[in-house]
Amino acid sequence: MKMEFNIALLKGDGIGVEIVDSAVAVLEKVAEKFGHKFNFTPYLIGGCAIDATGKPLPQETVDGCLASDSVLLGAVGGTKWDNQPGNNRPEKALLGIREALGLYTNLRPAKLYPSLRSASPLKEEIVGDGFDLMIVRELTGGIYFGDRGYRQGKYGEEAFDTEAYSVTEIERIGRVAFETAMKRNKKLTSIDKANVLESSRLWRKTMHELSKEYPEVEYNDMFVDNAAMQLVRNPQQFDVIVTSNMFGDILSDEASQITGSIGMLASASLGSTKRGMYEPIHGSAPDIAGQNKANPIATILSGAMMLRYSFGLSDEADCIEKAVDKVLNDGWRTADLMGSAEGTPLTCTEMTEKVLEAL
Ligand code: NAD
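All of these numbers come straight from a predicted model, not from anything done at the bench.

Chemist: Sorry if this is basic, but what is going on with helix α11 (residues 314-329) here?
Modeler: Because an α-helix completes one turn every 3.6 residues, residues spaced three or four positions apart along the sequence face the same direction. For α11, spanning 16 residues, the distance from its first C-alpha to its last is 22 Å, which sits close to the expected 22 Å at 1.5 Å a residue. Buried within α11 are the following residues: Glu 316, Ala 317, Cys 319, Ile 320, Ala 323, Val 324, Val 327 and Leu 328. Those residues of α11 hidden inside the fold are in contact with α1 (16-34), α10 (297-309) and α12 (348-358). Two residues or fewer after α11 comes Gly 331, characterised by a positive phi angle close to 95 degrees.

What follows is the structure, encoded as structure tokens:
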């Protein structure tokens with residue numbers, strides 16, 4: 001069935017421009033192949049928005065994203081805007097747009113492709129044939145949003161932050177995680193610190209209740225300190241991980257590092273509607289911006305996630321992921337993936353061409 005979707009494009013700064021153009025070329029090719037229509041509308045965000053309007057997140061951008069079916073983001077930031085006051089920095093726009101779109105879930109796949117095994121800092125015997133896990137992180141609750149402040153304590157002035165989670169918030173993120181596991185290998189690990197934290201005990205109890213609704217999903221709990229260790233000891237044991245805002249922040253960075261290739265990793269932020277925001281996990285890479293050296297694959301795979309999670313187009317998403325697999329298996333590499341290998345790396349546009357050919 002022919003489908004039509006409106007996609008807001010937030011290219012942002014630095015390599016954001018190059019990599020979003022690559023993802024658009026791939027999405028257009030997929031639309032043509034499967035008979036769909038994607039309408040793209042660009043909006044300003046980050047440093048380029050400050051230059052044009054004085055603000056990193058203009059109202060027009062928020063309105064445009066709210067009126068679209070989904071949002072594709074490149075990256076924001078750069079040294080040019082380092083002297084902006086804290087509340088007007090390019091990165092501030094990211095929190096603003098997530099809040100405006102009500103995005104409370106962050107999905108971060110960490111996949112080590114067998115063909116890129118040597119990029120992982122882990123030993124070959126640990127990495128085996130690679131791994132493929134998905135971290136589901138709660139994005140709008142917990143200690144980053146709880147009560148905070150200063151007060152007089154036993155040793156004089158002290159600062160405090162508060163971790164608080166409601167059953168509603170835990171159920172909401174838990175459901176996303178179980179549904180995600182159902183679409184993958186039906187295995188879910190919930191990560192908490194229930195041996196110490198009251199909020200984690202409620203987290204665990206609520207997840208256990210929810211697990212009864214998903215008997216097909218093999219469910220287990222793990223303490224966060226153990227999880228940090230297990231990720232580098234045996235990452236293959238994980239399929240889907242669900243965890244709180246702060247634990248997810250830390251563990252998702254750890255998981256991305258063990259794949260060894262920041263230019264390959266996509267992410268999705270989702271809320272209660274089908275609309276999501278999809279972006280690579282890396283930043284605007286000012287050191288290589290404008291040089292046609294960036295690896296576009298993280299953004300191309302973010303486009304695939306958009307098709308799967310916002311538009312329900314799984315075959316189309318599979319098609320992009322398989323094309324990326326093929327290009328890597330054929331040995332094509334951008335500079336960031338070369339490691340100590342000999343040869344000339346592909347440019348951003350050449351890598352995009354290879355993916356388009358493989359489609
Ligand atoms: P970065 O991710 O931009 O770059 C880190 C290193 O990885 C650099 O050497 C860069 O060249 C390389 N790299 C990143 N993406 C690459 C790609 N696709 N292909 C090849 N190499 C790639 O992180 P940083 O240097 O810490 O931050 C640069 C700017 O980006 C800062 O202003 C920061 O605030 C911003 N930032 C934005 C986001 C976002 O927009 N979501 C996320 C992180 C950082």
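Chemist: Looking at this structure, I do not really get the site of the ligand. What am I missing?
Modeler: The ligand sits among 20 residues. The nearest are Glu 91, Gly 283, Ala 285, Asp 287 and Asn 295. In the environment of the ligand, an oxygen atom lies 3.1 Å from a nitrogen or oxygen atom belonging to the backbone of Ser 284. One of the backbone nitrogen or oxygen atoms of Ala 285 is found 2.8 Å away from an oxygen atom of the ligand. Contact with the protein chains covers 68% of the free accessible surface of the ligand, which is 810 Å².

Chemist: Just to check I follow, could you spell out the environment of Arg 184 for this structure?
Modeler: Inspection of the secondary structure assignment puts Arg 184 in the loop between α6 (167-183) and β8 (187-192). C-alpha separation for the pair Arg 184 and Thr 273, spaced 89 residues apart in sequence, amounts to 21 Å. Once you skip the residues sitting within four places of it in the chain, Arg 184 turns out to touch Asp 132, Leu 133, Met 134, Asp 239 and Val 240. Within the local environment of Arg 184, its side chain forms a polar contact with the backbone oxygen of Asp 132, the two atoms lying 2.9 Å apart. A polar contact is formed between the side chain of Arg 184 and the side chain of Asp 239, at a distance of 3.0 Å.

Each value, and the rule that gives it
- Residues numbered from 1 in each chain as written.
- Predicted model: local features only at pLDDT ≥ 70, side-chain atom pairs only at ≥ 80, totals over all residues.
- Heavy atoms only, no water.
- Helix = DSSP H or I, 4+ residues; strand = E, 2+ residues; numbered from the N terminus.
- Expected span 1.5 Å × (residues − 1).
- Buried < 20%, exposed > 50% of the residue type's maximum accessible area, 1.4 Å probe, protein only.
- Contact = heavy atoms within 4.5 Å.
- Near = heavy atom within 4 Å.
- Polar contact = N/O pair within 3.5 Å; in protein donor to acceptor, adjacent residues only side chain to side chain.
- Areas by Shrake-Rupley, 256 points an atom, 1.4 Å probe, with all protein chains shown as cover.

All quantities given are derived from atomic positions and should not be read as evidence of function.
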